[in-house]
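Chain residues, written in single-letter form:
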Amino acid sequence: MLLSPGTKKELKIEAQGLAFGYGAAPVQHDVSFAVAAGSIFAIMGGSGCGKSTLMKTMIGLLRPSAGTVQIRGEDYWAATDERRDEIGRRSGVLFQAGALWSSMSIADNVALPMRMFTDLDDAAIDRLVRIKLDLVGLDADGSVMPSDLSGGMRKRVGLARALALDPDIIFLDEPSAGLDPISARRLDDLILDLRDGFGTTVVMVSHELPSLFAICDDGIFLDADTHTPIAHGSPSELREKCRDPTVHAFMNRENPATDAPPGNPPGDPNGGSPKARDGARR
Ligand SMILES: Nc1ncnc2c1ncn2[C@@H]1O[C@H](COP(=O)(O)OP(=O)(O)OP(=O)(O)O)[C@@H](O)[C@H]1O
Ligand SMILES: [Mg+2]
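Calculation criteria
- Residues numbered from 1 in each chain as written.
- Chains lettered and ligands numbered in written order.
- Predicted model: local features only at pLDDT ≥ 70, side-chain atom pairs only at ≥ 80, totals over all residues.
- Helix = DSSP H or I, 4+ residues; strand = E, 2+ residues; numbered from the N terminus.
- Buried ≥ 20, exposed ≤ 12 C-beta atoms within 10 Å, placed from the backbone.
- Near = placed C-beta within 6 Å.
- Nonpolar A, V, L, I, M, F, W, Y, C, P; charged D, E, K, R; others polar.
- Pairing = 2+ DSSP bridges.
- Expected span 1.5 Å × (residues − 1).
- Contact = placed C-beta atoms within 7 Å.
- Core = buried A, V, L, I, M, F, W, Y, C linked by C-beta atoms within 7 Å.
- Domains from an automatic or database assignment.
- Arc of directions from axis to C-beta.
- Axes fitted to C-alpha atoms, helices over the stretch in contact; angles between N-to-C directions.
- Parallel < 35°, antiparallel > 145°, perpendicular 65-115°, else oblique.
- Left-handed = near helix turned anticlockwise from the far one by under 90°.

From N to C terminus, the chain includes 10 helices and 10 strands. The buried share of the chain, taken over its 282 residues, is 39%.

Taken together, the residues surrounding ligand 1 are Tyr-22, Val-27, Gly-45, Ser-47, Gly-48, Cys-49, Gly-50, Lys-51, Ser-52, Thr-53 and Gln-96. Of the residues assigned to the shell around ligand 1, the class counts are 3 nonpolar, 7 polar and 1 charged.

Turning our eyes to something else, we now look at the pairing of strand 4 (residues 66-71). Relative to strand 4, strand 1 (residues 11-20) runs antiparallel, the two sharing 5 bridges. Bridged to Ala-15 within strand 4 is Val-69. Of the pairings in the sheet, the one linking strand 4 to strand 5 (residues 74-75) comprises 2 bridges and is antiparallel in character. Opposite Gln-70, over in strand 5, you have Asp-75 as the bridge partner. Linking strand 4 to strand 5, which pair antiparallel, is a turn of 2 residues; within it Arg-72 sits at a positive phi near 50°.

A rise of 1.5 Å per residue sets the reference length of helix 5 (residues 151-162), with its 12 residues, at 16 Å; its end C-alpha atoms lie 16 Å apart and thus fit the reference within 8%. By the criterion of burial, helix 5 is predominantly enclosed, with 9 of the 12 residues buried. Among the residues of helix 5, those classed as buried are Arg-154, Lys-155, Arg-156, Val-157, Gly-158, Leu-159, Ala-160, Arg-161 and Ala-162. Of the surrounding elements, those touching the buried residues of helix 5 are strand 6 (91-94), helix 3 (106-117), helix 4 (122-135), strand 7 (169-173) and helix 6 (181-198).

Moving on, we come to the nonpolar core. Core analysis: the largest hydrophobic core is formed by 64 residues, its most contacted members being Ile-43, Val-110, Val-202, Val-203 and Met-204. When we break this core down by domain, the ones giving at least three residues each are domain 1 (11-90 + 167-277) and domain 2 (102-166). Excluding its chain neighbours within four sequence positions, the residues that come into contact with Ile-43 are Lys-51, Leu-54, Met-55, Val-203, Val-205, Gly-219, Ile-220 and Leu-222.

Bringing the environment of Leu-209 into the picture now. Structurally, the position occupied by Leu-209 is in helix 7 (residues 209-215). Along the backbone, Leu-209 and Asn-252 are 43 residues apart, and their C-alpha atoms lie at a distance of 8.6 Å.

With 18 residues, helix 6 extends 25 Å between its outermost C-alpha atoms, agreeing within 8% with the 26 Å of an ideal straight helix rising 1.5 Å per residue. Those residues of helix 6 not exposed but buried are Ala-184, Leu-187, Asp-188, Ile-191 and Leu-194. Projected down its long axis, helix 6 carries its buried residues within an arc of 115°, all on one side. For helix 6, the exposed residues set more than 90 degrees away from the buried face come down to Ile-182, Asp-196 and Gly-197. Elements that come into contact with the buried residues of helix 6 comprise strand 3 (40-44), helix 5, strand 8 (201-205) and helix 7.

A word on the packing of helix 3 against helix 5. As a packed pair, helix 3 and helix 5 sit with axes 8 Å apart at the nearest point and diverge in direction by 25°. Classified by the angle their axes make, helix 3 and helix 5 are roughly parallel. Between helix 3 and helix 5 the crossing geometry is right-handed. Mapping the contact onto sequence places Ile-106, Asn-109, Val-110, Leu-112 and Pro-113 in helix 3 and Val-157, Ala-160 and Arg-161 in helix 5.

A separate point is the packing of helix 3 against helix 4. It is the contact of helix 3 with helix 4, at a shortest axis distance of 9 Å, that shows an interaxial angle of 120°. Taken together, the axes of helix 3 and helix 4 lie oblique to each other. Helix 4 is crossed by helix 3, and the crossing has right-handed handedness. The segment helix 3 lies against helix 4, with Ala-107, Val-110, Ala-111, Met-114 and Arg-115 engaging Ile-125, Leu-128, Val-129, Lys-132 and Leu-133. Here the contact of helix 3 with helix 4 is composed, by residue class, of 8 nonpolar, no polar and 2 charged.

If you trace the 4 strands from one edge of the open sheet to the other, you get 2-1-4-5, paired in antiparallel fashion. This sheet does not close on itself; its edge strands, each paired only once, are strand 2 (28-36) and strand 5.

Take the sheet that holds strand 9 (residues 218-223) next. Strand order in this open sheet of 6 strands is 6-7-8-3-9-10, and the pairing throughout is mixed. For this open sheet the edge positions go to strand 6 and strand 10 (228-232), each flanked by a neighbour on one side alone. Between one strand and the next, the sheet's axes are offset by a mean angle of 20°, whatever the strand orientation. Strand direction decides the pairing type here: strand 7 and strand 8, joined by 5 bridges, are parallel. Its bridge partner being in strand 8, Ile-169 is matched across the sheet by Thr-201.

Laid out in structure tokens, this is it:
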């Protein structure tokens, strides 16, 4: 979803000039983007470029070395610890590896944030857990253990847990990685339902081209070589218009017959001949 000039859209997240990493050299720098309310925003790029690390700067796990992240209009890293906790409670996270507690039943996994952050009694939590599991299409008995479920079902439990506190923003790191195409498609549909039914804003890290093209409205592409974003736009727009060879190769990697456009200058991320802009390379 490109925000055309004059369009006033509520922004849920705004990053300005972010730099972040684990040592002296940043993993990424000069990262700026805006996530519109009720949109699905993709963080794209090759392995190791810093997608999960960028997500960490938005969920409170890693303080950026420069720049700001505004969440719902509030400067997240300038806020007090209490405010940051409150902002975080209104966001849900599905981590890359699922990160369910293997020694807890799926119901207890989903109940955990409710037990930690609300005063609800056990009966109310049980009811809410059932609602969340229904919402993600899981009619499994809540007492089963994560290891008893398929990969797709475990992802759904992770999503149910991310939704436990009714967040208006959810962060999903590779939600459909490792799933068969049908389970991945179902998960995509579920994410669309969350956006369309509840107006949830979704920030999603993904390598999976079918998911990216099917559900994402907007996004950013991080480059591992230059350590900066090299393209902004929806995955379909990037596939059709972006002339940067790295982006082109990523967005077309399951379509090897499609060659990079001729005369493709490196470092010309958002350019594109009129032909390319018309989507003639599809
Ligand atoms: N805890 C850490 N300490 C030090 N370096 C790390 C840590 N986590 C990640 N890195 C390094 O930071 C860089 C970015 O890692 P990150 O996990 O954000 O990449 P990614 O784009 O999510 O990759 P993938 O697609 O494989 O999940 C990599 O070079 C990685 O090795
Ligand atoms: Mg990652």
